[in-house]
10 protein chains.
Amino acid sequence: MEVSQISQQLITAKVKSGKSFSELGALLGHDEVWVAALLYGQASASLDEIEKLKSVLPLTDEQCASLAECPLKGLGPVVPTDPLIYRFYEIMQVYGMPMKAIIHDKFGDGIMSAVDFSLNIDKVEDPKGDRVVVTMNGKFLPYKKF
Amino acid sequence: MEVSQISQQLITAKVKSGKSFSELGALLGHDEVWVAALLYGQASASLDEIEKLKSVLPLTDEQCASLAECPLKGLGPVVPTDPLIYRFYEIMQVYGMPMKAIIHDKFGDGIMSAVDFSLNIDKVEDPKGDRVVVTMNGKFLPYKKF
Amino acid sequence: MEVSQISQQLITAKVKSGKSFSELGALLGHDEVWVAALLYGQASASLDEIEKLKSVLPLTDEQCASLAECPLKGLGPVVPTDPLIYRFYEIMQVYGMPMKAIIHDKFGDGIMSAVDFSLNIDKVEDPKGDRVVVTMNGKFLPYKKF
Amino acid sequence: MEVSQISQQLITAKVKSGKSFSELGALLGHDEVWVAALLYGQASASLDEIEKLKSVLPLTDEQCASLAECPLKGLGPVVPTDPLIYRFYEIMQVYGMPMKAIIHDKFGDGIMSAVDFSLNIDKVEDPKGDRVVVTMNGKFLPYKKF
Amino acid sequence: MEVSQISQQLITAKVKSGKSFSELGALLGHDEVWVAALLYGQASASLDEIEKLKSVLPLTDEQCASLAECPLKGLGPVVPTDPLIYRFYEIMQVYGMPMKAIIHDKFGDGIMSAVDFSLNIDKVEDPKGDRVVVTMNGKFLPYKKF
Amino acid sequence: MEVSQISQQLITAKVKSGKSFSELGALLGHDEVWVAALLYGQASASLDEIEKLKSVLPLTDEQCASLAECPLKGLGPVVPTDPLIYRFYEIMQVYGMPMKAIIHDKFGDGIMSAVDFSLNIDKVEDPKGDRVVVTMNGKFLPYKKF
Amino acid sequence: MEVSQISQQLITAKVKSGKSFSELGALLGHDEVWVAALLYGQASASLDEIEKLKSVLPLTDEQCASLAECPLKGLGPVVPTDPLIYRFYEIMQVYGMPMKAIIHDKFGDGIMSAVDFSLNIDKVEDPKGDRVVVTMNGKFLPYKKF
Amino acid sequence: MEVSQISQQLITAKVKSGKSFSELGALLGHDEVWVAALLYGQASASLDEIEKLKSVLPLTDEQCASLAECPLKGLGPVVPTDPLIYRFYEIMQVYGMPMKAIIHDKFGDGIMSAVDFSLNIDKVEDPKGDRVVVTMNGKFLPYKKF
Amino acid sequence: MEVSQISQQLITAKVKSGKSFSELGALLGHDEVWVAALLYGQASASLDEIEKLKSVLPLTDEQCASLAECPLKGLGPVVPTDPLIYRFYEIMQVYGMPMKAIIHDKFGDGIMSAVDFSLNIDKVEDPKGDRVVVTMNGKFLPYKKF
Amino acid sequence: MEVSQISQQLITAKVKSGKSFSELGALLGHDEVWVAALLYGQASASLDEIEKLKSVLPLTDEQCASLAECPLKGLGPVVPTDPLIYRFYEIMQVYGMPMKAIIHDKFGDGIMSAVDFSLNIDKVEDPKGDRVVVTMNGKFLPYKKF
């Protein structure tokens, strides 16, 4: 679960800029999660988007090139031990089979795409403790019979 | 990623009953995902809820006892290979660090609870292909300084 | 890399019937690889397709139900040790990065779908030794920016 | 799933040259996939082929020596988490047993060689979404009885 | 089970200062275990707490920034081999199921929070050999039915 | 993380008896955690203790013999996925190095015994949510120089 | 490293027959190692060879069918712990890179086939202790440039 | 399956010298496989042998010291993915149990030593494709009863 | 770390006989550790030794045959979690490199045989706590240069 | 199974000094195995012992500090592949259960301490081949009932 050196530099540049991911997202016209995925080396940007980022983050040529690449994605095949990330892994441990059953009931044999896909995170204030609301939206892909 | 024998029997009973998870959820007053989690041995029910289930599923005494237990949860520590379940694992591989960054930006140092938590699955019809929408809602738990 | 008991029974029934996968494919109007995937519990059939199969294989009710289900797919997360299957795994070890580079050159940032997908196997006779030709055909899915 | 430092340099040199793998393949008289395999350290070139590459890529002596070596091949024994590469791994999870069954039906007890082997990738345009077509062609090797 | 370079530097600074964790805890108004967690990169401090630390430890700007971050927590997914740490892992191996049973008896279906949580270590002198007393105090979180 | 068949039977006998672990502990003159460890096959009892247990649980001869044996202890070497047990594993991930540092500060080079050891679990009522308090008490064993 | 039930039966039948593998090899016209591979489910026999085996071993119809199949080969992906088998694994650990270097020096870039391959074991008597001589003979397969 | 930096340097020195392993073997009076094992850090040489090597390879003092050490042997516990080395691993997967059975038939309960052991590789020319012949010769060690 | 069913039966027969391993060792003329290894399926006995065992243990024919076989040895490749067995594994973790260094100092490059080997366990009474003394005695095998 | 950089330096200093571990042991008044454990970072020394070491080894201040620390012990959780160290691991594979049985026969339910523990290695000359004798001496710790 290593973060690459270039991602570390991009995150540091973002911290120094004082911008939140939400502000960077508004600048680029994308969701804040997608911008975070870009800085963590999990998505690739157009040249136009990179120019916009350069207006607020002091990016080197190498960093710009890295943002334009189609990166090797993923954290590596081990189970994460960071508690925040592990909780999402645990949700799949506990609710993976139920989710498969419900998707089957509603859609038939197929999967939810993780590529034609978006993910948002909202904060819902609550006097008993604020709540994190994560919304995943992916295209259903039916298994093709050939 | 073994499904236990008793869960297999419960799923078979549900299939024979012709009921969808959505109908079982309406009967029990719970979300369909929670009902699927119950039948897959990931949640426990009250005696009252079990009685309601018995009205539509022919449950044995052993099966009823199993539904009332606090089960050993989780699928076991291996990476799943079923494509539908793997996609959710991949989402954590690709978006795990970005989600941590966004939650940090919005809430500070802490986690989203996977226990004080709910999960819903909706079908959104779309002419370019229907979409699966998964909503997770968990309480934010800040790290306590002691 | 366990084959389930019900798949074993289906393969045995197929062997006893004297039919090749190619003949079963012609009967169902599908490719022989898809039919083999069905008998190995990696695909699901319609009731009509199951009726056709029953005309040549003596299937029990339980076997028919199993063919209609959306199965838990995959062989489990270990590296296979059967030499024939391992060679395909090795091809990904050796050619995985080159394939990623070529698909990137030709299509941009995205993946080949393994769901909107077909796979065929042909035998090409050759005096220096017959050749196996495997053709995979999957839809390109570009990464969506959200 | 680390790419070696020297492969990184070769890929960077290729990017700077503005050449596609297809153009490099035409220069060397080989398929673009083989050229990508060469730059990723999975194949070895003749001195003549290295001279041709030097005409378009500014290679150091150490890089030339590396291209002439018989390299340690493979990505290492872990399951890849890059989504594009994982899909091919998943195809083997889902279709590995069916492929073994079909090759057995058509050829008998043996394997498809991953050494006397070629692999091509084509783009087939399609209004519903372009398709990736991967063709693998390997010699059948029957098990020898001794 | 790697300790990060910055944690190593922080521990060295603490050793050079001649302060015990107990003294640092008194300075910050926190338990010594929490202070050790902070220096080992498992907790984050406020700017005020960092200022207090700077009064006794010669911290660089980078080290201060690191103490204010929400760190990637955990030691990585392998079983520890240091004998002191392994003993606590073994306690979970031997007493994990019994602890689950007792918590179930006393509280019902749920977990002890590892986030709304504190941990103390006391030394109890004993002529037959001093004893280590570890006290964990975590909020009970009942599983929510949704 | 399998529970053995004989442990399953003992837990079932306990459930049928209607006794809590606390009541069984009072009967045997031991802590409830130790009694749970005994029924889960992680501790061994004297003949006298087994006789007392037989007065409230209908034990077979084979079950009595199993309780008197020195059992193969531990859950097996995988990371647990049950959320309740995982939290304790996570505590070691997050607080393992800090605990080692504090024990070193207070005791020197050595370990806390997991054999000359006891473990208690208390429920502390709290209007903001009840708390689980786990107390571990183990002899400090200094490393011997030889 | 499980031996299948049917292999166990075949080995038992061989032991009861009093025949050595060498005698069975003479009967079938094959090397004793190949016959052992056949009984351990790693090779497949012709109907004629099965008939010859039936003349000395009392084989059931199911066992005969198993011998004619193209089996799932290999012991599974774990490192063996039986000392005799482990020594051969250790030889690859220690001499794997040297063997690659020597084969490269003598043959160029390619592999030794494990399919167009034979293996013999001889006993060489020696007053200082008898010696095991293992001879492997496989076709060299050069990497094809495509 | 990392090759150490010092082994890399020794192999580079050998390549620059233009000597084959066979020529180095003749110089030292040892088999070429043993010399390759020496350069790959899997064997140790006498001072006399190191002097002979220095006459053809320009060795530094550190490299000479490394050749005289009793090295940490082995490639590490993962399954190799280089195809040439994997084939030998696969041979043990397929023929491991048969080899154990034949050695048992011929020698009784014991192992072939991997220490009092030699290994040779020969090239046998063949119009249908040259063949690699590997000969392993190890002392049989019977299990001692104590 | 499974004990086989037949070993379980043999241990049960030993317990019912009331004999200690020490008494069985005296009967067979072997050390008690070797006898325990025999009953746990890690060693093989002569027919004469089996006859002696039958005089005190009621062995079935299948059990006698099992004792005469050359067994598949070892517990499987996982790290043991039983505390008693783990301590010996930990000793290798902590003292493995030191033992290699001392054996090198005293004997040169080679290993201690685990086959031409014996192991004894003694109890040394001590008022501060009895001590376990384990003595291993194995032939030194120097690495052969070939 | 990595040796740390500082341990490498300490071993190099020892080699340059020309002292054996036995001579260093005599200097410090400890067994040679303990001294090797100290240099390999598995034990900690007093300031007085470090002064004595400095009289024969040219130690830097950082190296002295490292010798005084309570180190992170163990080689990491993988199975060793160095043949000398593996043999001791194999001994636990083969004799682990028998040792547990014998210790149980002689001492009851408990373990041998790996902390209140010493280990010696002797060379016993023998015309048939010298023998390595390893003696482990650890306190028996009975499981406490609480």
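Residues numbered from 1 in each chain as written. Chains lettered and ligands numbered in written order. Predicted model: local features only at pLDDT ≥ 70, side-chain atom pairs only at ≥ 80, totals over all residues. Heavy atoms only, no water.

## Notes on the overall build of chain A
Next, step 1: In terms of regular secondary structure, chain A is built from six helices and two strands.
Next, step 2: Oriented by its inertia axes, the alpha-carbon framework of chain A measures out at about 50 × 50 × 30 Å.
Next, step 3: Of all 146 residues assigned to chain A, the portion counted as buried reaches 60%.
Next, step 4: Long-range pairs, those at least 24 residues apart, make up 53% of the contacts in chain A with a sequence separation of at least 6.
Next, step 5: Within the structure as shown, chain A displays about 5500 Å² of accessible surface, and the carbon and sulfur contribution to it stands at 51%.
Next, step 6: Between the averaged position of the 15 positive side-chain charges in chain A and that of its 19 negative side-chain charges there is a distance of 5 Å. (Helix = DSSP H or I, 4+ residues; strand = E, 2+ residues; numbered from the N terminus. Buried < 20%, exposed > 50% of the residue type's maximum accessible area, 1.4 Å probe, protein only. Contact = heavy atoms within 4.5 Å. Areas by Shrake-Rupley, 256 points an atom, 1.4 Å probe, with all protein chains shown as cover. Lys, Arg positive; Asp, Glu negative; His and termini not counted. Charge placed at Lys NZ, Arg CZ, Asp CG, Glu CD.)

## Examining helix H6 (residues 83-107) of chain F
Residue and element names in this part refer to chain F.
Next, step 1: In H6, a bend of some 60 degrees at tyrosine 95 exceeds every other bend along the element, and proline 98, a proline, comes one to four places later.
Next, step 2: A large share of H6 lies buried, amounting to 22 of its 25 residues.
Next, step 3: Phi turns positive, to about 95 degrees, at glycine 108, one or two residues after H6. (Bend = angle between axes of the 7 residues up to and from the residue.)

## Re the relation of the copies chain F and chain J
Next, step 1: In screw terms, the move from chain F to chain J is a rotation of 180 degrees and a rise of 0.0 Å along the axis, fitting with an RMSD of 0.0 Å. Those values place the two copies in the arrangement expected of a two-fold rotation axis. For chain F, the smallest separation between a C-alpha atom and the rotation axis is recorded for serine 113 of chain F, amounting to 4.6 Å.
Next, step 2: Mapped onto chain J, 100% of the interface residues of chain F are again interface residues, and the two copies thus contact each other with one and the same surface. (Least-squares fit on C-alpha atoms with pLDDT ≥ 70 in both.)

## Brief notes about the sheet that holds strand S1 (residues 110-124) of chain C
Next, step 1: The sheet built from four strands is open, its strands ordered S1(C)-S2(C)-S2(D)-S1(D) with antiparallel pairing. A strand with exactly one partner marks an edge of an open sheet, and here the two such strands are S1 of chain C together with strand S1 (110-124) of chain D. For this sheet, the mean inter-axis angle between neighbouring strands, taken without regard to orientation, is 20 degrees.
Next, step 2: One ladder, built from eleven bridges, connects S1 of chain C with strand S2 (residues 131-142) of chain C; its direction is antiparallel. Paired with leucine 119 of chain C across the bridge in S2 of chain C is methionine 136 of chain C. (Pairing = 2+ DSSP bridges. Axes fitted to C-alpha atoms, helices over the stretch in contact; angles between N-to-C directions.)

## Let's talk about the interface of chain A and chain B
Next, step 1: At the interface, 65 residues of chain A touch 65 residues of chain B.
Next, step 2: Buried surface at the junction of chain A and chain B, summed over both partners, amounts to about 6700 Å²; 69% is from carbon and sulfur atoms.
Next, step 3: Its salt-bridge partner being lysine 106 of chain A, residue glutamate 32 of chain B comes within 2.5 Å of it at the nearest N-O pair.
Next, step 4: In this structure, the connection of chain A to chain B is made through 24 residue pairs in polar contact (both at pLDDT 80 or more).
Next, step 5: Residue assignment for the side of chain A that touches chain B shows that the elements contributing at least two residues are helix H3 (32-39), helix H6 (83-107), strand S1 (110-124) and strand S2 (131-142) of chain A.
Next, step 6: The biggest single contributor to the side of chain A that touches chain B is H6 of chain A, with 23 residues.
Next, step 7: Looking at side-chain class alone, the side of chain A that touches chain B contains 38 nonpolar, eleven polar and 16 charged residues.
Next, step 8: Where S2 of chain A and strand S2 (residues 131-142) of chain B come together, nine bridges link them in antiparallel fashion. (Buried area = accessible area lost by both parts, 1.4 Å probe. Salt bridge = Lys/Arg side-chain N within 4 Å of Asp/Glu carboxyl O. Polar contact = N/O pair within 3.5 Å; in protein donor to acceptor, adjacent residues only side chain to side chain. Nonpolar A, V, L, I, M, F, W, Y, C, P; charged D, E, K, R; others polar.)

## Focus on the arrangement of the chains
Next, step 1: A gap remains between chain C and chain E, with no contact made and the closest C-alpha atoms lying 17 Å from each other.
Next, step 2: The two partners chain A and chain J share no contact, and the minimum distance between any of their C-alpha atoms is 15 Å.

## Let's talk about the relation of the copies chain A and chain B
Next, step 1: Note on the copies: chain A fits chain B at an RMSD of 0.0 Å, the axial shift is 0.0 Å, and the rotation between them is 180 degrees.
Next, step 2: Most of the interface of chain A is mirrored in chain B, where 100% of its interface residues again form contacts.

## Focus on the packing of helix H2 (residues 21-28) of chain C against helix H3 (residues 32-39) of chain C
Residues and elements named next belong to chain C.
Next, step 1: At a minimum axis separation of 8 Å, H2 and H3 run at an interaxial angle of 95 degrees. Comparing the axis directions of H2 and H3 gives the class roughly perpendicular. Mapping the contact onto sequence places Phe21, Ser22, Leu24, Gly25 and Leu28 in H2 and Glu32, Trp34, Val35, Ala36 and Leu39 in H3.
Next, step 2: Across the contact of H2 with H3, the residue classes break down as seven nonpolar, two polar and one charged. (Parallel < 35°, antiparallel > 145°, perpendicular 65-115°, else oblique.)

## Some words on the pattern of salt bridges
Next, step 1: This model, assessed by the stated rule, comprises 80 salt bridges over all chains.
Next, step 2: In this structure, glutamate 90 of chain D engages arginine 87 of chain B in a salt bridge whose closest nitrogen and oxygen atoms are separated by 2.6 Å. With glutamate 90 of chain D in helix H6 (residues 83-107) and arginine 87 of chain B in helix H6 (residues 83-107), the pair connects residues from two separate chains. The same class applies to glutamate 90 of chain D and to arginine 87 of chain B, which are both buried.
Next, step 3: Measuring nitrogen to oxygen at the nearest pair gives 2.8 Å for the salt bridge that ties lysine 145 of chain J to glutamate 49 of chain F. Residue lysine 145 of chain J is located in the segment after strand S2 (131-142), and its partner glutamate 49 of chain F is located in helix H4 (residues 47-54); the two belong to separate chains.

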